[in-house]
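If you want the building blocks of each chain, they are given just below.
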Amino acid sequence: MELLRLQKITKTYGTKKKVRALNGFDLTVNKNEMLAIMGRSGSGKSTVLNIIAGIDRLEGGKYYFENTDMSTMTGDRMTRFRRDKIGVVFQHFALIDEYTVYNNIALPLKLSKCPDAKADSMIREAAGKLGITSLLSKNPRELSGGEAQRAAIARAIITEPKVILADEPTGALDEENGKKIMNVFHELHKKGNTLIIVTHDPSVAAQCSRTICIKDGKVCGTE
Ligand SMILES: Nc1ncnc2c1ncn2[C@@H]1O[C@H](COP(=O)(O)OP(=O)(O)OP(=O)(O)O)[C@@H](O)[C@H]1O
Ligand SMILES: [Mg+2]
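So, how was this worked out
Residues numbered from 1 in each chain as written. Chains lettered and ligands numbered in written order. Predicted model: local features only at pLDDT ≥ 70, side-chain atom pairs only at ≥ 80, totals over all residues. Heavy atoms only, no water. Helix = DSSP H or I, 4+ residues; strand = E, 2+ residues; numbered from the N terminus. Contact = heavy atoms within 4.5 Å. Near = heavy atom within 4 Å. Polar contact = N/O pair within 3.5 Å; in protein donor to acceptor, adjacent residues only side chain to side chain. Areas by Shrake-Rupley, 256 points an atom, 1.4 Å probe, with all protein chains shown as cover. Nonpolar A, V, L, I, M, F, W, Y, C, P; charged D, E, K, R; others polar. Donors = N, O, S within 2.8 Å, 3.2 Å for Na, K, Ca; no water. Expected span 1.5 Å × (residues − 1). Buried < 20%, exposed > 50% of the residue type's maximum accessible area, 1.4 Å probe, protein only. Axes fitted to C-alpha atoms, helices over the stretch in contact; angles between N-to-C directions. Parallel < 35°, antiparallel > 145°, perpendicular 65-115°, else oblique. Left-handed = near helix turned anticlockwise from the far one by under 90°.

Q: Honestly, the environment of Ile 9 in this entry has me stumped. Any pointers?
A: Along the polypeptide, Ile 9 turns up in strand E1 (residues 2–13). Sequence-distant contacts of Ile 9, that is, excluding residues within four places in its chain, are made with Leu 22, Asn 23, Gly 24, Phe 25, Ile 51, Leu 58, Gly 60, Gly 61, Lys 62 and Tyr 63.

This is the structure we're talking about:
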């Protein structure tokens, strides 16, 4: 069953010096897929995730999510779509410096009005699985890259959103911590969630159900 469809997407950045990040990009993702996206630096991978999450507006082409035309979705509806359906692990983590790790992870639960006691047990369970329990009262600035990455992953998955978009989620991690992340992702996949994972790591891609490759803003291969 189709979850989302991108058709002939184009996206250009910049005003004077234009960069065409996506150039006729097509992708259909089915419900409960675990999809890997690979491709060289600058090929357009993060741009694809930003379009799917509704963070970037598409310029040309069409984007359907559960058969809804997303190009007509704006403002509050888009914010609600992101809050209710999407979890994003940003390439640069995007943790909020003014909040502790605990409050960063708690944020999506607060936005969806989860009661505090329930939120607390969910946060502690996720932190345990990702090996960051001892870091919960720290500030993001006090974390190593790999610790920040795991905190960002905890925040993205805490509400178990329908779709998890992860931009190089194991990029800053050693093998053992990379495995912890993949275990959490496999668990969500088994529960029926859809995962789209940008990765440079062939062993991560090998654990996904399908891999696509992007080159110059277009799909260049699939397996
Ligand atoms: N905000 C922006 N302003 C201007 N150019 C941008 C912006 N974001 C991305 N680009 C350009 O668009 C192209 C695609 O960028 P994107 O971030 O999608 O690449 P990527 O495949 O994620 O690369 P990496 O593996 O290095 O993360 C690149 O040429 C990049 O320089
Ligand atoms: Mg990127």
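Q: Whenever I open this one, the site of ligand 1 confuses me. Can you help?
A: In the vicinity of ligand 1 lie 14 residues, with Ser 41, Gly 42, Lys 45, Thr 47 and Gln 91 positioned nearest. Here Ser 43 contributes a backbone N or O atom positioned 3.2 Å from an oxygen atom of ligand 1. Here ligand 1, which alone exposes 640 Å², has 63% of that area covered by the protein. Elements with a minimum of two residues in the shell around ligand 1: strand E2 (19–30) and helix H1 (45–53). Looking at which element gives the most residues to the shell around ligand 1, the answer is H1, with three residues. Classifying every residue of the shell around ligand 1 by side-chain character gives three nonpolar, eight polar and three charged.

Q: What exactly am I supposed to notice about the coordination of the magnesium ion (ligand 2) here?
A: Each donor-metal-donor angle would ideally measure 109.5 degrees in four-coordinate tetrahedral geometry, or 90 or 180 degrees in six-coordinate octahedral geometry. Every protein donor of the magnesium ion (ligand 2) is listed here as Ser 46 (OG) and Gln 91 (OE1), and their distances to the metal cover 2.0 to 2.3 Å. Taken together, the residues Ser 46 in helix H1 and Gln 91 in the loop between strand E6 (86–89) and helix H3 (101–111) connect sequence positions 45 residues apart.

Q: What should I look at first to understand helix H5 (residues 145–157) in this one?
A: Quick reminder: α-helices carry 3.6 residues per turn. Residues three or four places apart thus point the same way. For H5, spanning 13 residues, the distance from its first C-alpha to its last is 19 Å, which sits close to the expected 18 Å at 1.5 Å a residue. For H5, the buried fraction is high: eleven of the 13 residues fall into the buried class. Among the residues of H5, Gly 146, Ala 148, Gln 149, Arg 150, Ala 151, Ala 152, Ile 153, Ala 154, Arg 155, Ala 156 and Ile 157 are the ones counted as buried. On its buried face, H5 is in contact with E6, H3, helix H4 (116–130), strand E7 (163–167) and helix H6 (175–190).

Q: Whenever I open this one, the packing of H3 against H5 confuses me. Can you help?
A: For the pair H3 and H5, the least separation of the axes is 7 Å and the interaxial angle reads 25 degrees. Between H3 and H5, the crossing angle belongs to the class labelled roughly parallel. For H3 against H5, the interelement crossing comes out right-handed. On the side of H3, the interface is formed by Val 101, Asn 104, Ile 105 and Pro 108, while H5 contributes Ala 151, Ala 154 and Arg 155. Counted by class, the contact of H3 with H5 contains five nonpolar, one polar and one charged residues.

Don't take any of this as a statement about function, it's just geometry.
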